[in-house]
Amino acid sequence: MTRLLIVGPPGAGKGTQSVRITTAFGIPAIATGDIFRANIANQTELGQQVSAIIKSGEYVPDSLTNDLVASRLKEEDCAAGFLLDGYPRTVDQLRFLDELLEAEGTALDAVIQLVADQDEIVSRLLKRAHEEGRSDDTPETIRHRQDLYLRETAPLIAVYKERGLVIEIDALGDVDDVAARITSALAAREIVPVAR
Ligand code: AMP
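Bear in mind the structure is a predicted one, so any value in this text is a computation, not a measurement. (Residues numbered from 1 in each chain as written. Predicted model: local features only at pLDDT ≥ 70, side-chain atom pairs only at ≥ 80, totals over all residues. Heavy atoms only, no water.)

## Description of the site of the ligand
Here is step 1 of the chain: The ligand sits among 13 residues. The nearest are Thr-32, Arg-37, Glu-58, Gly-86 and Gln-93.
Here is step 2 of the chain: Separating a nitrogen atom of the ligand from a backbone N or O atom of Val-60 is a distance of 3.1 Å.
Here is step 3 of the chain: In the complex, 82% of the free accessible area of the ligand, which totals 480 Å², lies under the protein chains.
Here is step 4 of the chain: Element by element, the count of residues in the shell around the ligand is highest for helix H2 (residues 32–41), at four residues.
Here is step 5 of the chain: Of the residues contributing to the shell around the ligand, the split by class is five nonpolar, five polar and three charged. (Near = heavy atom within 4 Å. Polar contact = N/O pair within 3.5 Å; in protein donor to acceptor, adjacent residues only side chain to side chain. Areas by Shrake-Rupley, 256 points an atom, 1.4 Å probe, with all protein chains shown as cover. Helix = DSSP H or I, 4+ residues; strand = E, 2+ residues; numbered from the N terminus. Nonpolar A, V, L, I, M, F, W, Y, C, P; charged D, E, K, R; others polar.)

This is how it looks when you write it as structure tokens:
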């Protein structure tokens, strides 16, 4: 079982690295934002409950989010573990996840924190915005999202750091190099894919 959490600022390549990790370990990525968006697109009851909240940019209430994750982690494809992305996002969610895993006699194995220089990310995202004609990405909006990310994750990272779970990964550079850094940092903790 490999139970991981990945965090990283917008523009650090978290999506790409998540795919690498989930493929290598044969585990699903559980991204609460994606699950909510899929529910909205499919007009499920949950989708209808959260649509307005998500549009407003607020957080979905912890009770809804926690229930969603609890049932998702019980699904069969999580037998070999999981990679959480975007959850936990609050300290209450972190506590809920602790209890959920504790009830099974388990816990997170590691927290992968992608770290990248802010200025570097801003220029990366501006380049992409220019290439893709995304005029909503300005230096100001990008910096604002970076600040939000740092404020949001700091309390969670602090808790996980105290537990010695955080692996800081330099997210700048070639995608393959970053993936290799993650693999070797995990391997150093004896977190390796099991032969299937
Ligand atoms: P994301 O794609 O991770 O940025 O998530 C998109 C939106 O989904 C967020 O702005 C929140 O409204 C909601 N959301 C995703 N994950 C969570 C979470 N763990 N707790 C509360 N709301 C969440």
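## Digging into empty space enclosed by the protein
Here is step 1 of the chain: Applying the stated criterion across every chain yields a total of one cavity of 30 Å³ or more.
Here is step 2 of the chain: Of the voids in this model, the largest cavity is the one considered here, and its volume is about 40 Å³.
Here is step 3 of the chain: Looking at the largest cavity, the residues that line it are Leu-5, Val-7, Pro-88, Val-111, Thr-153, Leu-156, Ile-157 and Tyr-160.
Here is step 4 of the chain: Among the elements of the structure, strand E1 (2–7) and helix H7 (139–162) are those that each provide at least two residues to the lining of the largest cavity. (1 Å grid on protein atoms, 1.4 Å probe; cavity = no way out; pocket = protein on both sides within 12 Å on 5 of 7 lines; lining within 4 Å. Points joined across faces, edges and corners; volume = space filled by probe spheres on them.)

## Things to note about the packing of H2 against helix H4 (residues 62–73)
Here is step 1 of the chain: The interhelical angle for the contact between H2 and H4, taken along N-to-C directions, is 100°, at an axis separation of 11 Å. As summarised for this structure, H2 and H4 are arranged roughly perpendicular, according to the angle between their axes. Residues Thr-32, Ile-35 and Phe-36 of H2 form the contact with H4, whose own contacting residues are Thr-65, Leu-68, Val-69 and Arg-72.
Here is step 2 of the chain: Considered class by class, the residues forming the contact of H2 with H4 number four nonpolar, two polar and one charged. (Axes fitted to C-alpha atoms, helices over the stretch in contact; angles between N-to-C directions. Parallel < 35°, antiparallel > 145°, perpendicular 65-115°, else oblique. Contact = heavy atoms within 4.5 Å.)

## Quick notes on the packing of helix H6 (residues 118–132) against H7
When two helices pack together, their arrangement is given by the angle between their axes and by how far apart the axes lie.
Here is step 1 of the chain: Look at H6 against H7: their axes get within 10 Å of each other, and the N-to-C directions meet at 130°. Of the possible angle classes, the one that applies to H6 and H7 is oblique. Seen along the crossing, H6 lies across H7 with a hand that is right-handed. Listed contacts from H7 to Gln-118, Asp-119, Ile-121, Val-122, Leu-125 and Leu-126 of H6 are Pro-139, Ile-142, Arg-143, Arg-145, Gln-146, Asp-147 and Leu-150.
Here is step 2 of the chain: Within the contact of H6 with H7, the residues separate by chemical class into seven nonpolar, two polar and four charged. (Left-handed = near helix turned anticlockwise from the far one by under 90°.)

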